[in-house]
Amino acid sequence: MKRIEGPEKVTGRAHYACDVRLPGQLYARVLRSPLPHARITRIDAARAERLAGVHAVLSSANAPDISWYEESRLFDRTLRFIGDELAAVAGESEEIAEDALRLIEVDYEALPCAVGLEDGVRGKPQLQRRGDIDNGLREAEVVVDAVYTTQTALHNALEPHGCTAHWEDDSLVLHESTQGIFAVRDEVAEKLGMPKERVRVITQHMGGGFGAKQIAWKHSVIAALLAKRAGRPVQLMLEREAENLAVGNRNATRQRVRLGAKRDGTLCAIDVHILVQSGAYLVGGEDSDVIGAYQTLYRCPHLRAEQVGVRTNTGPAVAFRAPGHAEAIFALESAMDELSRALAMDPIELRLRNYATEDQTKGKPYTSVDSLRRCYGQVKAAFDWPERRMGQGSKKRGIGFAAHDWAGGGGWPPAEARVEVADGAARVVTATQDIGTGTGTALCQIAADELGLPAERVSIVLGDTREGLYSPTSAGSATLATLGPAVRMAAAKAKKSGRGKGSRVKNPKDKSIRTCGAQCVEVEVDTETGEVRVLRVAAAHDCGRVINPVLVESQVIGGITQGLGYALSEERMVDACGLVLNASLEEYKVQTAADGPQLVNATQSMPDWEANATGAKGIGEPPLIPTAAAVANAIFDAIGVRVRDLPCKRERLIG
Amino acid sequence: MSVPLESVTLRVNGAERAVRVEPRRTLLDALRLDLGLTGAKKACDMGNCGACTVLLDGRAVYACLLLAIDCAGREIATVEGLHDDPLQRAFIEADAFQCGFCTPGQIMSLKALFSRTPAPSDEEIVRAVSGNLCRCGAYRNIVRAARIAAGRR
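Residues numbered from 1 in each chain as written. Chains lettered and ligands numbered in written order. Predicted model: local features only at pLDDT ≥ 70, side-chain atom pairs only at ≥ 80, totals over all residues. Heavy atoms only, no water.

Within chain A, the secondary structure is distributed over 15 helices and 28 strands. On C-alpha atoms alone, chain A measures out to a radius of gyration of 25 Å, which is about the 26 Å that the 2.2 N^0.38 rule sets for 655 residues. Each principal axis of the C-alpha distribution contributes one length, and for chain A these read about 75 × 70 × 50 Å. Taking all 655 residues of chain A together, 65% fall into the buried category. (Helix = DSSP H or I, 4+ residues; strand = E, 2+ residues; numbered from the N terminus. Rg over C-alpha atoms; globule rule 2.2 N^0.38 Å. Buried < 20%, exposed > 50% of the residue type's maximum accessible area, 1.4 Å probe, protein only.)

Next up, the structure:
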């Protein structure tokens, strides 16, 4: 079945937050700190306020005192990174608002700053232990000991963060580009000191989030305050530069990894110490559990995993498609590849020898114990592993493998849905949001199946908190597995009585749900220029029952494509003064159509009926996770150079 | 500081549309704000991403890099001017989008190609959309959609 919102998206009729046009609507811009760490000693916005066409100006001089980010404020007198918000203007056009920003006078007292991961202030360590790591390392006959680093990556969803805010008497309506309409509603209501019921958040379409839009950011409250002050609707969309400075990034990491194994490949020790760059603030929702994957992907009796957050004067980190896991799997799966080389063992064979059947952090078996093993088999067959072609001249070819697991995808109750049936057609009512993954389409299919109706006869309402049917934020690849069972229950009731409400029951107590998968990559490396061309990628992921193979395939190819950018070209560059040097889509290199390798999706339907009543699990994040490690492992196979620092840049491959 | 407005008549999707804009207003803002044609998207506003692609006298251009007043008398085509175009049908069939934000731009870049070259090769297709970023990573299906529109499966 095709995406239900397709006709709207190919005609320009799909309306995003930035497309809202209300009578008298104003446009806002935010003034941001030019210094990485400073105190404001004077701020004077009088000239901006007097500019023709300006209707409201906010700064620490006149804004309500609203707490934000731990001990900080909405407009704080202390600025902690280049891009920190310090004032905002609403005017009759974006151009006028920009003119006004230039008229705001600010004096600063510069403060000392720390920019790099190694220089920042270290927080309290998080430590996880299992068994006795010293014993484990003593038992080991082969040890891999290496340091890996991963870069700061920028989400760069094409639609920037932003919203259109307007007041209807004492109630606020926000058309927001968000992954979580209820998260925005609750946070904005709390910050403005309003009852939740008087804030309505609407997201009909949103132009990409990838994690950075899973929390409420300052712009929503700033837009609401400007609209209140001006008495007119205000649209505040971030410019691309602000998008790349202030609203999240994938944290950089430094990971020292020690893997100990017996000669037959059995792991006996995993010891890892990790630094994670949090940036200037802990914004909530960063959830970068880098030590997570080390604890679960392989069976291992002795483990020590330590993670330390590092605060720096750079933009704050936030969740980015499989936060923590993408970083960890690069290091862990590179180290597993190094181990397989040291043992002269096939990398897939090494992973099978250490197969985990239970969640070692909880001591509970997995619901679909064999699914990762099946993914290995599916991807191996689709790729024809370890078949390889020969390169020519300076161009060398190699193949690489990486696996992953992911704690998400199993669903986050609670959630509610309603189904109404009349005249051979049905309407599914939810208040989830479709962030471009096809959630709405899949939910219609689930209802249609249960009702015995053709899917074209089922429509869906979503993206409006006013429906009052709670749905969690679209994050953790959890949306389908959360909402799907609620819709199915509602449809079953509606089949009998024409109308039914369903709710998501809790996840099983005695089992652990995971998603997982594996990828194979073939690269060609030019040993004269260092150019890496990815020739083909094959992927197999466990997302339980495949409700819609078209949508699953799109998630798989999209995740791999982002993963290739993470592997090869994406990296936020920051100078010693904390200035981001590539905060644009010209200089921050995402993949383009011209970079596309052959992508083979070998994902098969593997219903997980113990997980929930639809058998389906999430697929949003996982396809990005193993790609970078598989690329680095393929590069080693091609030219014998082990890249332990992402991205795999040319200068790291030659010379 | 009040900026004088200029009157300009834009010919968009075959219709004459008169607007009064500041001289610095881009074609993109004139389309999106003054004419209510929001299909072309503002994603970078500096000619890096292609989400604002429209046709100017049949050529694909970044509307954020043009001034509205420079487009008087030129033939402007936006996604709103397409009606059941084979490219639109093919995009749906090939699932050539996820969030859909870049989609109007992708389609207009291909529209420019197809008007010159009704049956383009893969290489020509990739070149035509290589200036249109898709952060969801739907490139493989975008190329597949263009192939379908070109009559190849």
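Residue and element names in this part refer to chain A. Taken in spatial order, the three strands make up an open sheet running β6-β2-β8, and their pairing is antiparallel. Of all strands in the sheet, those bounded by a partner on one side alone are β6 (78-79) and β8 (105-110). Both strand β2 (residues 38-44) and β8 contribute to a ladder of six bridges, which runs antiparallel. Its bridge partner being in β8, D44 is matched across the sheet by E105. (Pairing = 2+ DSSP bridges.)

This brings us to the pairing of strand β11 (residues 142-150) of chain A. Each regular strand shows side chains that alternate between the opposite faces of the sheet. All names here are of chain A. Side chains V142, V144, A146, Y148 and T150 of β11 all project onto a buried face; the interleaved residues V143, D145, V147 and T149 project onto a face where none is buried. For β11 and strand β16 (residues 253-261), the ladder comprises nine bridges, and the chain directions are antiparallel. When the bridges of β16 are listed, T150 appears paired with T253.

What follows is about the domain arrangement of chain B. Residues and elements named next belong to chain B. Taken domain by domain, chain B consists of domain 1 (6-79) and domain 2 (82-149). Opposite the 18 residues of domain 1 that make contact, domain 2 presents 13 residues. The contact between domain 1 and domain 2 buries some 1100 Å² in all, and 62% of this surface belongs to carbon and sulfur atoms. Scanning the region where domain 1 abuts domain 2 turns up zero salt bridges. (Domains from an automatic or database assignment. Contact = heavy atoms within 4.5 Å. Buried area = accessible area lost by both parts, 1.4 Å probe. Salt bridge = Lys/Arg side-chain N within 4 Å of Asp/Glu carboxyl O.)

All names here are of chain A. Segmenting chain A into domains produces domain 1 (6-35 + 37-112 + 156-246), domain 2 (126-153 + 249-409 + 511-652) and domain 3 (416-503). Once you take the C-alpha centre of each, domain 1 and domain 3 turn out to be 32 Å apart. The partner domain 3 presents 17 residues to the 17 residues of domain 1 that form the contact. Summing both sides of the interface, domain 1 and domain 3 together bury roughly 1300 Å²; the carbon and sulfur share of this comes to 52%.

This brings us to the interface of chain B and chain A. Contact residues are listed per partner, giving 42 residues for chain B and 58 residues for chain A. Counting each side, the surface lost to burial between chain B and chain A is near 4200 Å², with a carbon and sulfur contribution of 57%. At the boundary of chain B with chain A, the tally comes to eight salt bridges. Close ionic contact of A:E94 with B:K42 constitutes a salt bridge, the shortest N to O distance being 2.6 Å. Between the two partners, chain B and chain A, sit 29 residue pairs in polar contact (both at pLDDT 80 or more). Mapped by element, the contributors of at least two residues to the side of chain B that touches chain A are α1 (27-34), α2 (86-93), α3 (103-116), α4 (122-129) and α5 (139-149) of chain B. For the side of chain B that touches chain A, the element with the most residues is α2(B), which contributes four residues. Looking at the side of chain B that touches chain A residue by residue, the class counts come to 20 nonpolar, ten polar and twelve charged. (Polar contact = N/O pair within 3.5 Å; in protein donor to acceptor, adjacent residues only side chain to side chain. Nonpolar A, V, L, I, M, F, W, Y, C, P; charged D, E, K, R; others polar.)

Before going further, it helps to spend a moment on the pattern of salt bridges. A complete count under the given rule lists 68 salt bridges over all chains for this structure. For the salt bridge of A:R42 with A:D107, the shortest nitrogen-to-oxygen distance reads 2.9 Å. In this pair, A:R42 sits in strand β2 while A:D107 sits in strand β8, placing the two residues 65 residues apart along the sequence. Of the residues examined, A:R42 reaches a relative accessible area of 34% and is grouped as partly exposed. A relative accessible area of 34% means that A:D107 is categorised as partly exposed. Note that B:D84 and B:R89 form a salt bridge whose closest N and O atoms lie 3.4 Å from each other. A single network of salt bridges, built from pairs that share partners, joins A:D337, A:E338, A:R341, A:R388, A:D637, A:R642 and A:R644.

Attention now moves to the packing of helix α14 (residues 549-568) of chain A against helix α15 (residues 627-639) of chain A. All names here are of chain A. For the pair α14 and α15, the least separation of the axes is 8 Å and the interaxial angle reads 55 degrees. When the axis of α14 is compared with that of α15, the two are oblique. Helix-helix and strand crossings are classified by hand; for α14 and α15 the assignment is right-handed. For the pair formed by α14 and α15, the contact residues are I560, G563, L564, Y566, A567 and L568 on the first element and T627, A628 and V631 on the second. For the contact of α14 with α15, a count of residues per class yields seven nonpolar, two polar and no charged. (Axes fitted to C-alpha atoms, helices over the stretch in contact; angles between N-to-C directions. Parallel < 35°, antiparallel > 145°, perpendicular 65-115°, else oblique. Left-handed = near helix turned anticlockwise from the far one by under 90°.)

This brings us to the sheet that holds strand β22 (residues 416-422) of chain A. All names here are of chain A. Read from one edge to the other, the open sheet built from four strands follows the order β24-β23-β22-β25, with strand pairing classed as mixed. Because the sheet does not close on itself, it has two edges, and the strands there are β24 (458-461) and β25 (499-503). Taking the axes of each pair of neighbouring strands and ignoring which way they run, one obtains an average angle of 20 degrees across the sheet. The pairing of β22 with strand β23 (residues 425-429) spans five bridges and is classified as antiparallel. Paired with V421 across the bridge in β23 is A426. With respect to the sheet, helix α12 (residues 439-451) is in contact with β22, β23 and β24, its orientation differing from that of β24 by roughly 135 degrees. The sheet strands contacting helix α13 (residues 479-497) are β22, β23 and β25, and the helix crosses β25 at an angle near 155 degrees.

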